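Summary of the model geometry
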Amino acid sequence: MAFRFIIVFALLSKALLAQVDLFDYQPIDLKPNLAGSFGELRNHHFHSGVDLRTKGKVGQPVRSVQEGYLKRLVVKQGGFGMALYISHPSGHTSVYAHLDRFQKSFHDLLLKQSFKTKSNLIDLYFKKDDYRINAGDTIGWSGNSGSSSGPHLHFEWRDSKTQEPLNPVDYGLEIGSDIVNPNIIAIHTKAGQRVNSIWTDTLIIADWQDIGVEILEQQIPKGPKLGIKSMSAWIEDINEPNRQEDPDFSWEMERFSFSDTRGSDGHMQHDIHSKLGIRTYRIAPVSQPAKIWKNSYSFPENGIYELTIMIETMSGQKTVSKGPVLKNSSNSLWEIISKTSSPLDWTSPNGEIEARNLKISWSENSFMEPMKPKIVYTTASKKPKWICSPDLPVTKSLNYFWTPPLDYPKTLRHKTVLIGRDPRGISKVVGRPTEDGKILFKMKLWGETYVSSDNSPPKIYFIGKKIFQNQEAFCFKLYDELLDIKNYRVKLNNSWQWAYFDAKNKNLLIPINSKIKIFNFEIFAEDEALNNITFRQLIQL
Ligand SMILES: [Zn+2]
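Since the structure is predicted, the reported quantities are computational estimates derived from the model, not experimental observations. The written sequence of each chain sets the order in which its residues are numbered from 1. Since the coordinates come from a predicted model, pLDDT governs what is reported: local features require at least 70, and pairs of side-chain atoms require 80 or more to be given and counted, while whole-chain, interface and lining totals use all residues. Side-chain measures here rest on the full set of heavy atoms in the structure, leaving out hydrogens and waters.

Let us look at the pairing of strand E24 (residues 358-362). Within a regular beta strand, the side chains point alternately toward one face of the sheet and then the other, so they alternate between its two faces. For E24, the buried fraction is high: 4 of the 5 residues fall into the buried class. For two strands to be treated as a pair, DSSP must find at least two bridges joining them. Helix numbering and strand numbering both begin at the N terminus, where a helix is a DSSP run of H or I of at least 4 residues and a strand a DSSP run of E of at least 2. Of the pairings in the sheet, the one linking strand E23 (residues 351-355) to E24 comprises 5 bridges and is antiparallel in character. In the strand pairing of E24, Glu-354 is matched with Lys-359. In sequence, E23 turns back onto E24 through a hairpin of 2 residues, with Arg-356 there showing a positive phi of about 50°. Pairing between E24 and strand E27 (residues 398-402): 4 bridges, direction antiparallel. Relative accessible area decides the class of each residue, using a 1.4 Å probe on protein chains only: under 20% of the type maximum gives buried, over 50% gives exposed, and in between gives partly exposed.

We now examine the sheet that holds strand E15 (residues 194-195). The strand order across the open sheet formed by 4 strands is E15-E14-E17-E20, and the pairing between neighbours is antiparallel. If you trace the sheet from one side to the other, it starts and ends with E15 and strand E20 (281-282), each paired once. Sheet analysis places strand E17 (residues 211-216) next to E20, joined by 2 bridges and oriented antiparallel. By the bridge assignment for E20, Val-213 is matched with Tyr-281.

Moving on, we get to the sheet that holds strand E36 (residues 495-497). In a beta sheet, neighbouring strands are held together by backbone hydrogen bonds and run either parallel or antiparallel to one another. One open sheet holds the 4 strands; their spatial order is E36-E35-E39-E40, and the pairing between them is antiparallel. Single-partner strands in this sheet number two, and they are E36 and strand E40 (532-540). Here the average twist between neighbouring strands, direction ignored, is 30°. Inspection of the sheet shows strand E35 (residues 485-492) paired to strand E39 (residues 518-527) by 7 bridges, in the antiparallel sense. Bridge pairing in E39 places Val-490 opposite Ile-523. An axis is simply a line fitted to the C-alpha atoms; with a helix, the fit covers only the stretch in contact. Between two such axes, the angle follows the N-to-C directions and lies from 0 to 180 degrees.

Our next topic: the side chain of Lys-385. Relative to the helices and strands, Lys-385 is located in strand E26 (residues 385-389). Overall, the relative accessible area of 19% leaves Lys-385 in the buried class. At 3.0 Å, the side chain of Lys-385 and the side chain of Glu-448 are in polar contact. The contact criterion used is simple: two residues touch if any of their non-hydrogen atoms lie within 4.5 Å. Apart from the residues within four sequence positions on either side, Lys-385 is in contact with Val-376, Tyr-377, Thr-378, Glu-448, Thr-449 and Tyr-450. Side-chain atoms alone can form a polar contact between residues adjacent in sequence; in general such a contact is a pair of N or O atoms within 3.5 Å, and within protein one must be able to donate a hydrogen while the other accepts it.

Structurally, Thr-378 can be placed in strand E25 (residues 374-378). Side-chain polar atoms of Thr-378 contact the backbone nitrogen of Ala-380, separated by 2.9 Å. Thr-378 has contacts with Pro-384, Lys-385 and Ile-387, leaving out every residue within four places of it along the chain.

Take the domain arrangement of the chain next. By a frequent convention, interface size equals the accessible area lost on bringing the separate parts together. Along its sequence, the chain is organised into domain 1 (17-171), domain 2 (183-338), domain 3 (351-453) and domain 4 (459-540). Just the C-alpha atoms count here: the centres of domain 1 and domain 3 sit 37 Å apart. Note that the domain bounds reflect an automated or database-derived domain assignment.

As structure tokens, this is what we get:
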């Protein structure tokens, strides 16, 4: 194990080797260039696939990596946008997301289903022999649909039985050479201390969960920042370091489940993120950790230690960071808990808190860390709001009960919206009136909230022609001032017409049938509070 005590740099330009190679074809025929890696820390989730760049353009042919059958076809305005799921005999499912369009027979399935259900939101499942696919078949073309923020292919490799995403690189996905060594830029503490990778000033912490490791991993110089594959931490006697074989804490990003992807918020040191805006990796887990953590842990008690941290990237490059740490606490919440149980076995208790006319209640295991909940109501800002503290990752929806003032209009009771914000994102939830006159919002957030309402319908107007799915389309702007668009339907010359709503750009795209010259549109749109509009427009070419 002596290798870990020198700074280990793998050879420059190390080629990536799969553990097993199950791919007969790569999903796109371009020199691999990553925009995102498996398991990267994102807000509220681990990145479940690999993002392959497509030279900034849409329309790159996308191929099935192995033979199999079409298992699922999805068309959504957000999320994966247009996506295909293919089931393979190896027991895996490949997922191709943010597509621009599907191959003809799959596109026809979409049109048929959309016509049948009079809906544009499609989620179709198929049986084994419905649509066979050969390895290398072009199943569609890469795009930028759904919540994608630039043209790329999001590729996923899942265990078909559990639907757990796996690291595709371990199964045959080529991601090209990694010519930049990983860099441990700094070690931060919750209290605001910052040291370099090899440090001599003692880090002072109350809990092992206070430490956050700032890493820069890139495939090419100035390229996108990527995640890492694993991290291990050894916590040893300061006078006798470098003896212990097994790390005290370690995790490896091989697979995770969608049920614990929320664990990414606790995998990251969120106090450092909210203060400095940087995502750092924790060396020690919090309760309800994602199943990527390896060992069964005991948490070293107060004392002075030598801490060694080793990280490994997807391409197998390693680097080490080390220095002295003083853990010195007698009354931190983690410390109090660890007197009776391991932090990992700890169950966060149920509870409730109230201020002004808002009561928040939660069930067991809603939080990943111990806390003393606080709430204040403040009118200091333009919009009066409630501020809950301390900032904490939430794993379940909390119940927000708001008691409206006596003169609150009856018509608004189904149109009341709770808007929440924490350092990891914004959430908007439409409330449900309860029998005792309150309005209930279920929101997976602990942070700042305020109440608003929305009784105005979405807005629509025609903007012109655009290229969509490699052909001409009419484009309408469609948006709501406060909420998301929940539903939209288009009739053209009195018949059902399939359309795609690109929610992030607020574009409603309607393919043009070249034989028609007069277009009589009737567009229905509805927001999440069920405010709706029917918009009509006649266009003559
Ligand atoms: Zn992605």
